[in-house]
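For reference, the chains in residue letters:
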Amino acid sequence: MVNATSPEAAPGRVVLLTTSHRVAPGLLSWPAWQALRDADRVLCADGAHPQLPYLREAGTAVEAASPTAEELVDACAGGRTVVVVATGEGEPALTDGLARLAGSGRVRMPELELLPASYDLPGARLLDLVQVMDRIRAECPWSSRQTHKGLAKYGIEEAYELVEAIEDGDRDELREELGDVLLQVVFHARIAEEDQDAPFSIDDVAGTIVAKLVHRHPHVFGDATATTPEEVKEHWLRTKAVEKRRASVTDGVPLGQPGLALAAKLASRVRTAGLDVELPRGDGIGYDLLAMAVEAESRGVDPEAALRAAARAYRDAIRETETS
């Protein structure tokens, strides 16, 4: 153990090198490569660390070692630089030990530097979700047997729960329900990889929507201009019409959606296309609801959301009556 008066107590330098497992091994920042090449010793406690083959290929000698804080300070004596390639947890025991040693005042501490060699970009945690889904699909007795058709009902349920979280204004619930909806996307994409005739992956799914978004936003990614939401919608509808080449404005409208939403969607297609279509006449509440849904859409009101809001008020009235 060195002491503050030892001739070899020149502090030296400790560099804790952290990397992200979501970034391909070997893709390190230039400051990280400089620190590694300038180091007197490079240590790593994990012999299976994904960076090790690339470091050794680059000519960096890495020692398999898990030093204590005291041993690390000793290794830096005489002005030496020691780089510690951190494991996934970031070496908390080592950093805590160094902090306690520094607080003791008994040792002249080396310079300490935390150097992120690679770091997550926005969206990086989606890679974790894909990996977790891969393992669940392979090892879970329930998940491994699921099909697109078997999961369909859960997609509908999760979408409704997401809408409810939005209408409730509950931020924590919103974050959770968005995750549940995202899970359905990743789950279906994982199942699709196993199709013998027409497989596709989550990357194909993402690539398709990216291409669609870029194509339908020429005012962002191209030379077109749009300064109002109405102009943006015009761009969207025009490019969508070219893509789909539909024979009817009703093509692509899912008939399985709730009735009011279906009626409003059809009315929106008619209005956008500039068609003059007379409402079908008939006796019964269904035709009355159809007329009301079309009227609501023309006023910019979502009849499905409006009815849900009214139903919530009705529910509250019921509860008040029950407790009075």
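Here, the structure is the one placed above.
Not measured: the values here are computed from a predicted model.

Visitor: Can you lay out the overall build of the protein for me, pointing to particular residues and giving the numbers?
Guide: Along its length, the protein carries 13 helices and five strands. Rg of the C-alpha trace for the protein: 30 Å, well past the compact-globule value of 20 Å for 324 residues, more than 25% over. Taking the principal axes of its C-alpha atoms as reference, the protein extends roughly 100 × 60 × 50 Å. Here the protein, with 324 residues, has 27% of them falling under the buried criterion. The contacts in the protein between residues at least 6 apart in sequence include a share of 63% that link residues at least 24 apart. Of the accessible surface of the protein, which amounts to about 21000 Å², a share of 56% is contributed by carbon and sulfur atoms. Looking at charge distribution, the protein has the averaged site of its 35 positive side-chain charges lying 3 Å from that of its 53 negative ones.

Visitor: Can you explain the sheet that holds strand E1 (residues 13-18)? Please cite residues and give values.
Guide: The strand order across the open sheet built from five strands is E3-E2-E4-E1-E5, with neighbouring strands paired in parallel fashion. The two strands at the open ends of the sheet, each matched to only one other strand, are strand E3 (63-64) and strand E5 (111-116). Here strand E2 (residues 41-44) pairs with strand E4 (residues 81-85) via three bridges, running parallel. Pairing of Leu-43 across the sheet is with Val-84, part of E4.

Visitor: Kindly report on the packing of aromatic side chains, identifying the contributing residues and their values.
Guide: Following the criterion strictly, the structure yields one aromatic pair and no others. Ring plane angle 75° and centroid distance 6.2 Å describe the contact between Trp-142 and Tyr-154, whose orientation is recorded as edge-to-face. One end of the pair, Trp-142, is in the loop between helix H5 (125-139) and helix H6 (148-168); the other, Tyr-154, is in helix H6, and 12 residues separate them in sequence. Assessed through its relative accessible area of 27%, Tyr-154 is described here as partly exposed.

Visitor: So what about the nonpolar core? Which residues, and what values?
Guide: Counting 17 residues, the largest nonpolar core has Leu-17, Leu-28, Leu-36, Val-42, Leu-55 and Val-83 as the members making the most contacts within it. Here this core gets four residues from one element, more than from any other, and that element is helix H1 (residues 30-38). Residues Leu-72, Val-82, Leu-98 and Leu-101 belong to the second largest nonpolar core, which totals 16 residues.

Visitor: Help me get a handle on the environment of Tyr-160, residues and values and all.
Guide: With respect to the secondary-structure elements, Tyr-160 resides in helix H6. Distance from Tyr-160 to Val-181, taken between C-alpha atoms, is 9.8 Å for residues 21 residues apart in sequence.

The rules behind each value
- Residues numbered from 1 in each chain as written.
- Predicted model: local features only at pLDDT ≥ 70, side-chain atom pairs only at ≥ 80, totals over all residues.
- Heavy atoms only, no water.
- Helix = DSSP H or I, 4+ residues; strand = E, 2+ residues; numbered from the N terminus.
- Rg over C-alpha atoms; globule rule 2.2 N^0.38 Å.
- Buried < 20%, exposed > 50% of the residue type's maximum accessible area, 1.4 Å probe, protein only.
- Contact = heavy atoms within 4.5 Å.
- Areas by Shrake-Rupley, 256 points an atom, 1.4 Å probe, with all protein chains shown as cover.
- Lys, Arg positive; Asp, Glu negative; His and termini not counted.
- Charge placed at Lys NZ, Arg CZ, Asp CG, Glu CD.
- Pairing = 2+ DSSP bridges.
- Phe/Tyr/Trp six-rings, centres within 6.5 Å; stacked < 30°, edge-to-face > 60°.
- Core = buried A, V, L, I, M, F, W, Y, C linked by side-chain atoms within 4.5 Å.

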